[in-house]
Amino acid sequence: MTTRQQPKNLWLGRWGFVLAATGSAVGLGNIWKFPYITGEFGGGAFVLVYLACILAVGVPIMMAEIAFGRRGRGSPIDAIRRVTRESGHGRLWSLVGWMAMLAGFMILSFYVVVAGWSFSYLWKMLSGSLGGSSVDDMMAIFVANNENPFNLGMWSTLVVVLTMLIVGKGVQAGIERSVSWMMPGMVIMLAILIGYGVFSGGFGEAVAFLFSFNAEGLSSEGMLAALGHAFFTLSLASGAILTYGAYLPDRSSIARTTFSVAAADTVVALMAGLAIFPIIFANGMDPGEGPGLIFMSLPLAFQSMPLGTLFGILFFVMLSMAALTSSISMIEASVAWLNESKGIARKHAAWGVGIVLWLVSSLAMLSFNWGADWTLAGRNAFDWLDYLTSRWMMPLGGLAMALMAGFLLRHEIFKAELGLSDTQHALWLFMIRYVSPLGIVLIFIDALGIATL
Ligand code: PHE
Ligand code: NA
């Protein structure tokens, strides 16, 4: 009987994994993407399906993914290959790891553009050039910021460089060290901002928009988006959580950390929604504005609030940190794979991946200026990267991992890794075997138009 692999890297501190995994989960997905897709898909019903997906699909799969990582102790490709071999199955299953690693890379190549927006808005706040008194002014600023590829590209390049610098330094000296000050910093800034938001009023309409269930409001596309976003927001099926799990010490509890990461992520997303929609409604903006939603609405609100500039700066510092603690997790899988399995020094691996990343991210960046019309079936490069990963690659990868954990692999592995009581384990097994896969499959069937839910 084989057992857990020996780790090559481990989180040093007791909080290492929780900080890093929460840092990975809480990001632009919560503050930028969740509000704008909720706006696009009409609010309440979308939010309900999203929450159901987090609980029924996201949480069980996150537990499985961390277990894969810790058992196999390596990048998604290596860890999955080892764990399937331990159960007597062939190498083909490591394709699931390949897809996850590719998804993480593809996500990062458009994520750096949005993170670049955050850094550039921080700069605008600091230099006092974010003035404007109407929604139209703010839209014009957003458009102007995107128009020049050299300006926009400079900011996304900065994000690529910062990400690779941190990852290149290593798991403990780079990733763990940076999250151990960025995460507490973020929490403090977020708490201040939420307090500020509560006292500035205007919650009613936002609460109604987010939490009133209206079944006609939900399309098949909305359901697929909610499912995809549950994966995206929890950093699942993209190599991030699995690779971080590979560094999890033997004694840490997978279930407990999963619940705290998922809870923190959900709270931050809902809080972001509660902070942003009052501004949208108070200013007569369209909630379905798209990717620019928070960049057009929030600065406007900061303009008209006492100490607004200060809080604006705080907000964009917080957002930029949230983005960085996520971006490092998306690329760690690729770097770990090159390092462990191809023997390339971590620094070199990081810069190599960084160059390819920079090239692909340039395509996403150009989608907002020169390449706005370079579309295929109505989507530009930025949209394709987002669409392919969120709607298809992550749910499919998650489905594959759920089925592997539920049916294919030896149960002793998950019994040992999860360390749950018998009843708890039976519940997890039921979820990962039937509930999570069925949820994914039903939403796919609905979205493909084979049958309607
Ligand atoms: N979870 C991150 C967010 O919500 C995004 C992410 C996706 C991070 C995939 C890692 C992997 O911003
Ligand atoms: Na998230």
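In the block above lies the structure referred to throughout.
Keep in mind it's a predicted model, so treat the numbers as computed, not measured.

(A) Spatial organisation of the overall build of the chain. Scanning the chain from N- to C-terminus turns up 18 helices and 0 strands. Relative to the compact-globule value of 22 Å for 453 residues, the chain shows a C-alpha radius of gyration of 21 Å, a close match. Each principal axis of the C-alpha distribution contributes one length, and for the chain these read about 70 × 50 × 45 Å. The contacts in the chain between residues at least 6 apart in sequence include a share of 82% that link residues at least 24 apart. A total of about 17400 Å² of accessible surface is found on the chain, and carbon and sulfur atoms cover 67% of it. For the chain, the distance from the average position of its 24 positive side-chain charges to the average position of its 24 negative side-chain charges is 18 Å.

(B) Structural detail: the nonpolar core. Of all hydrophobic cores here, the largest spans 160 residues; its most connected members are Trp32, Phe68, Phe231, Phe295, Phe315, Phe414 and Trp428. The greatest single-element share of this core, amounting to 18 residues, is contributed by helix H5 (residues 94-127). Discounting chain neighbours no more than four positions away, the residues touching tryptophan 32 are Phe110, Val114, Trp117, Pro291, Ile294, Phe295 and Phe382.

(C) Quick peek at the environment of threonine 389. Its place among the elements puts threonine 389 in helix H16 (residues 381-408). Take threonine 389: its relative accessible area is 0%, and that puts it in the buried class. When the C-alpha positions of threonine 389 and alanine 262 are compared, they lie 20 Å apart, and in sequence the two are 127 residues distant. Setting aside residues no more than four positions away along its own chain, threonine 389 makes contact with Ala103, Met106, Ile107, Phe110, Met394 and Pro395.

(D) Expanded view of the packing of aromatic side chains. Following the criterion strictly, the structure yields 30 aromatic pairs and no others. For the ring pair tryptophan 117 and phenylalanine 368, a centre distance of 5.0 Å and an interplane angle of 75° mean the geometry is edge-to-face. Of the two residues, tryptophan 117 sits in helix H5 while phenylalanine 368 sits in the loop between helix H15 (346-366) and H16, which places them 251 residues apart along the sequence. Residue classification places tryptophan 117 among the buried residues on the basis of a relative accessible area of 0%. Note on tyrosine 121 and phenylalanine 316: the rings are 5.7 Å apart at their centroids and 45° apart in plane angle, and the pair reads as tilted. Taken together, the residues span a long stretch of sequence, with tyrosine 121 in helix H5 and phenylalanine 316 in helix H14 (residues 308-342) at a distance of 195 residues. Taking relative accessible area as the criterion, phenylalanine 316 reaches 0% and is therefore assigned buried. Taken together, Phe110, Tyr111, Trp117, Tyr121, Phe142, Phe232, Phe295, Phe302, Phe315, Phe316, Phe368 and Phe382 form an aromatic cluster joined through their ring pairs.

(E) Structural detail: the packing of helix H4 (residues 76-86) against H5. Packing of H4 against H5 leaves a shortest axis separation of 7 Å and a crossing angle of 160°. The angle between the axes of H4 and H5 places the two elements in the roughly antiparallel class. For the element pair H4 and H5, the recorded crossing hand is right-handed. Mapping the contact onto sequence places Pro76, Ile77, Ile80 and Arg81 in H4 and Ser94, Val96, Gly97, Trp98 and Met101 in H5.

(F) Broad picture of the coordination of the sodium ion (ligand 2). In the first shell of the sodium ion (ligand 2), the protein supplies Ala25 (O), Asn30 (OD1), Thr233 (O), Thr233 (OG1) and Asp265 (OD), at 2.1 to 2.5 Å from the metal. Around the sodium ion (ligand 2), the 6 donor atoms are arranged such that angles at the metal cover 77 to 167°; this shape is classified as octahedral. Mapped onto the polypeptide sequence, the residues donating to the sodium ion (ligand 2) form the spacing pattern A-x4-N-x202-T-x31-D. Note that asparagine 30 is positioned in helix H2 (residues 28-40) and aspartate 265 in helix H12 (residues 254-282), a separation of 235 residues in sequence. Both residues of the pair, asparagine 30 and aspartate 265, count as buried.

(G) Main features of the site of ligand 1. Ala25, Gly29, Tyr111, Phe232 and Ser235 are the nearest of the 16 residues found near ligand 1. A distance of 3.0 Å is found between a nitrogen atom of ligand 1 and a backbone nitrogen or oxygen belonging to threonine 233. Within the contact set of ligand 1, a nitrogen atom lies 3.0 Å away from a side-chain nitrogen or oxygen of serine 235. Here ligand 1, which alone exposes 320 Å², has 100% of that area covered by the protein. Counting only elements with at least two residues in the shell around ligand 1, the list comes to helix H1 (16-25), H2, H5, helix H10 (220-233) and H14.

(H) Region of the structure containing the side chain of serine 118. Along the chain, serine 118 falls in helix H5. Looking at serine 118, the relative accessible area reads 0%, which means it is buried. Of note is the side chain of serine 118, whose polar atom sits 2.8 Å from the side chain of serine 320. In this view, serine 118 contacts Phe295, Phe316, Leu319 and Ser320; residues no more than four positions away in its chain are not counted.

(I) The arrangement of the packing of H16 against helix H18 (residues 422-447) in detail. Contact pair H16 / H18: the axes reach a minimum separation of 9 Å and the direction vectors enclose 150°. Taken together, H16 and H18 sit at an angle that is classed as roughly antiparallel. Along this stretch, H16 crosses H18, giving a crossing that reads as left-handed. Residues Arg391, Trp392, Pro395, Leu396, Gly398, Leu399, Ala402, Leu403, Ala405, Gly406 and Phe407 of H16 form the contact with H18, whose own contacting residues are Trp428, Leu429, Ile432, Arg433, Tyr434, Pro437, Ile440, Val441 and Phe444. Class assignment for the residues of the contact of H16 with H18 results in 16 nonpolar, 2 polar and 2 charged.

Each value, and the rule that gives it
Here the residue numbers are simple positions, counted from 1 along each chain's written sequence. The order in which chains are written sets their letters, starting at A; the order in which ligands are written sets their numbers, starting at 1. Thresholds applied to this predicted model are a pLDDT of at least 70 for local features of residues and 80 or more for the giving and counting of side-chain atom pairs; totals over whole chains, interfaces and linings are not thresholded and use all residues. The side-chain values count all of the structure's non-hydrogen atoms but skip hydrogen atoms and water molecules. Strands here mean DSSP runs of E at least two residues long; helices mean DSSP runs of H or I at least four residues long; both are numbered from the N terminus. Every radius of gyration here is taken over C-alpha atoms, with the globule rule written as 2.2 Å times N^0.38, N being the number of residues. Two residues form a contact once any of their heavy atoms are found within 4.5 Å. Here the accessible surface of atoms and residues is derived via Shrake-Rupley with a 1.4 Å probe, and residues count as covered only by protein chains that are part of the display. Only four residue types enter the charge count, namely Lys and Arg as positive and Asp and Glu as negative; His and the chain termini do not. Note that the charge is assigned to NZ on lysines, CZ on arginines, CG on aspartates and CD on glutamates. By convention a nonpolar core is built from buried Ala, Val, Leu, Ile, Met, Phe, Trp, Tyr and Cys residues, the set being connected through side-chain atoms within 4.5 Å. Any residue under 20% of the maximum accessible area for its type is buried, any over 50% is exposed, and the rest in between are partly exposed; the area is computed with a 1.4 Å probe on protein chains only. Pairing of aromatic rings covers Phe, Tyr and Trp, the last counted by its six-membered ring, and requires centre-to-centre distances within 6.5 Å; plane angles under 30 degrees mean stacked, over 60 mean edge-to-face, and any other angle means tilted. Helix axes are fitted to C-alpha atoms over the stretch in contact, other axes to C-alpha atoms as well, and angles between N-to-C directions run from 0 to 180 degrees. Throughout this description, any angle smaller than 35 degrees is read as roughly parallel, any larger than 145 degrees as roughly antiparallel, any in the 65 to 115 degree range as roughly perpendicular, and the remainder as oblique. Take the far helix as your reference; a near helix turned counterclockwise from it by less than a right angle gives a left-handed crossing, and one turned clockwise gives a right-handed crossing. Note that water is not among the atoms used; donors are N, O and S atoms within 2.8 Å of the metal (3.2 Å for Na, K and Ca), so sites may look incomplete. Here the metal geometry follows the donor angles, with tetrahedral for four donors whose angles all fall between 85 and 135 degrees, square planar for four and octahedral for six when opposite donors are more than 155 degrees apart and every other angle is between 65 and 115, and irregular for all the rest. Note on definitions. A residue lies near a molecule or strand when any single heavy atom of the residue is within 4 Å of it. In protein, a polar contact requires one atom able to donate a hydrogen and another able to accept it; more generally it is a pair of N or O atoms within 3.5 Å, and residues adjacent in sequence count only if both atoms are side-chain atoms. Think of it as three bins: nonpolar holds Ala, Val, Leu, Ile, Met, Phe, Trp, Tyr, Cys and Pro, charged holds Asp, Glu, Lys and Arg, and polar takes everything else, Gly as well.

Limitation: the analysis is restricted to geometry and does not speak to function.
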